[in-house]
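Architecture and fold: a report
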Amino acid sequence: LQMYLETTGDMSILFDRRVQTGINTVKDIIMVQRNPRAVIFETLLAPSGKVAKYPYMCFQNVLAWRILLDLAALYDRIKDIDRVEEAGAIANKLRAAIQKNFIVSGPFGDMFARSVDLEGNFDLGDDPDGSLALLTYFGFCSPDDIVYRNTLAWIDSEHNIDRESAR
């Protein structure tokens with residue numbers, strides 16, 4: 001919806017009650033998965049549909065972060081300032097939680113883990129259906145970010161045992 005608005009400039013859709021209900025429903029669905037002690041979201045399945053090793057996955061949390069930013073922008077367009085601030089604050093806290101919990105030490109230096117348990121355990125890996133290589137697409141980091149570059153190096157290395165099956 002945010003991309004549609006940016007592309008077309010057609011704001012009329014935002015004043016349709018069904019669309020407003022849908023926007024609020026998306027936020028409500030995301031918030032149900034929030035960890036009660038931290039602003040991070042639980043996901044049981046990897047993008048490929050496989051069961052995740054640990055309950056918190058990097059790709060899905062970055063996607064939730066992007067959705068929250070887009071929701072804040074949508075709320076801003078209809079001048080719902082309270083919801084703009086709420087979605088923006090949650091997005092900022094989620095970004096910090098992702099950086100705190102998913103950046104781990106890897107063979108090439110700090111990199112993003114595929115999944116974590118918030119107890120210090122993590123899983124290195126990549127899911128082609130929701131690859132960590134897409135983090136720059138969502139605007140989470142820049143292509144020259146060292147953690148991102150180390151993650152890409154790991155994805156394409158012999159350390160990634162799933163590399164050949166993903167191609």
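The following paragraphs examine the structure supplied in this document. (Residues numbered from 1 in each chain as written. Predicted model: local features only at pLDDT ≥ 70, side-chain atom pairs only at ≥ 80, totals over all residues. Heavy atoms only, no water.)

Inspection of the entire model under this criterion finds four aromatic pairs. On the numbers, 6.2 Å between centres and 65° between planes, the contact of Phe112 with Phe140 is edge-to-face. With a gap of 28 residues between them, Phe112 in strand β3 (residues 109–112) and Phe140 in the loop between β5 (122–123) and α5 (146–155) connect regions that are remote in the sequence. For the pair formed by Phe112 and Phe140, the shared burial category is buried. With 5.3 Å between their ring centres and 75° between their planes, Tyr137 and Phe138 make a pair best called edge-to-face. Among the residues examined, Phe138 registers a relative accessible area of 13% and is labelled buried. Ring-pair connections join several aromatic residues into one group, and the members of that group are Phe59, Tyr137 and Phe138. In this arrangement the basic side chain of Arg95 is found over the ring face of Phe140, its NZ or CZ atom lying 4.4 Å from the centre. (Phe/Tyr/Trp six-rings, centres within 6.5 Å; stacked < 30°, edge-to-face > 60°. Helix = DSSP H or I, 4+ residues; strand = E, 2+ residues; numbered from the N terminus. Buried < 20%, exposed > 50% of the residue type's maximum accessible area, 1.4 Å probe, protein only. Lys NZ or Arg CZ within 6 Å of the ring centre and 35° of its normal.)

The next subject is the nonpolar core. Membership of the largest hydrophobic core comes to 41 residues, with the highest contact counts inside it found for Leu94, Phe112 and Leu135. In contact with Phe112, other than residues within four places in its own chain, are Cys58, Phe102, Ile103, Leu124, Leu132, Leu135, Phe140, Cys141, Val147, Tyr148 and Thr151. (Core = buried A, V, L, I, M, F, W, Y, C linked by side-chain atoms within 4.5 Å. Contact = heavy atoms within 4.5 Å.)

In this section: the sheet that holds strand β1 (residues 56–57). Across the sheet, which stays open at both edges, the three strands sit in the order β1-β4-β5 with antiparallel pairing between neighbours. Pairing within the sheet leaves two strands with one partner each, and these edge strands are β1 and β5. Strand direction decides the pairing type here: β1 and strand β4 (residues 115–116), joined by two bridges, are antiparallel. From the neighbouring strand, Tyr56 faces β4, where its bridge partner is Val116. (Pairing = 2+ DSSP bridges.)

With the rule as written, the count across this model stands at six salt bridges. A salt bridge links Asp28 to Lys27; its shortest N-O distance comes to 3.9 Å. Residue classification places Asp28 among the partly exposed positions, given a relative accessible area of 45%. Exposure remark for Lys27: the relative accessible area of 10% places this residue in the buried category. With a closest N to O distance of 3.8 Å, Asp80 and Arg83 form a salt bridge. Of the residues examined, Asp80 reaches a relative accessible area of 23% and is grouped as partly exposed. Classification of Arg83 as partly exposed rests on a relative accessible area of 32%. One continuous salt-bridge network, built from bridges that share partners, spans Lys27, Asp28 and Glu86. (Salt bridge = Lys/Arg side-chain N within 4 Å of Asp/Glu carboxyl O.)

Here the focus is the side chain of Thr43. With respect to the helices and strands, the residue Thr43 is situated in the loop between α2 (17–32) and β1. At 3.4 Å, the side chain of Thr43 and the backbone nitrogen of Met57 are in polar contact. The residues contacting Thr43, other than those within four sequence positions of it, are Ala52, Tyr54, Pro55, Tyr56, Met57 and Gln60. (Polar contact = N/O pair within 3.5 Å; in protein donor to acceptor, adjacent residues only side chain to side chain.)

Let us look at the pairing of β3. The pairing of strand β2 (residues 103–106) with β3 spans four bridges and is antiparallel. By the bridge assignment, Val104 is partnered in β3 with Met111. Turn length for the β2-β3 hairpin, with the two strands adjacent in sequence and antiparallel, is two residues.

On the secondary structure map, Asp123 appears in strand β5. Residues within four places of Asp123 in sequence aside, it is in contact with Lys53, Tyr54, Ala113, Arg114 and Ser115.

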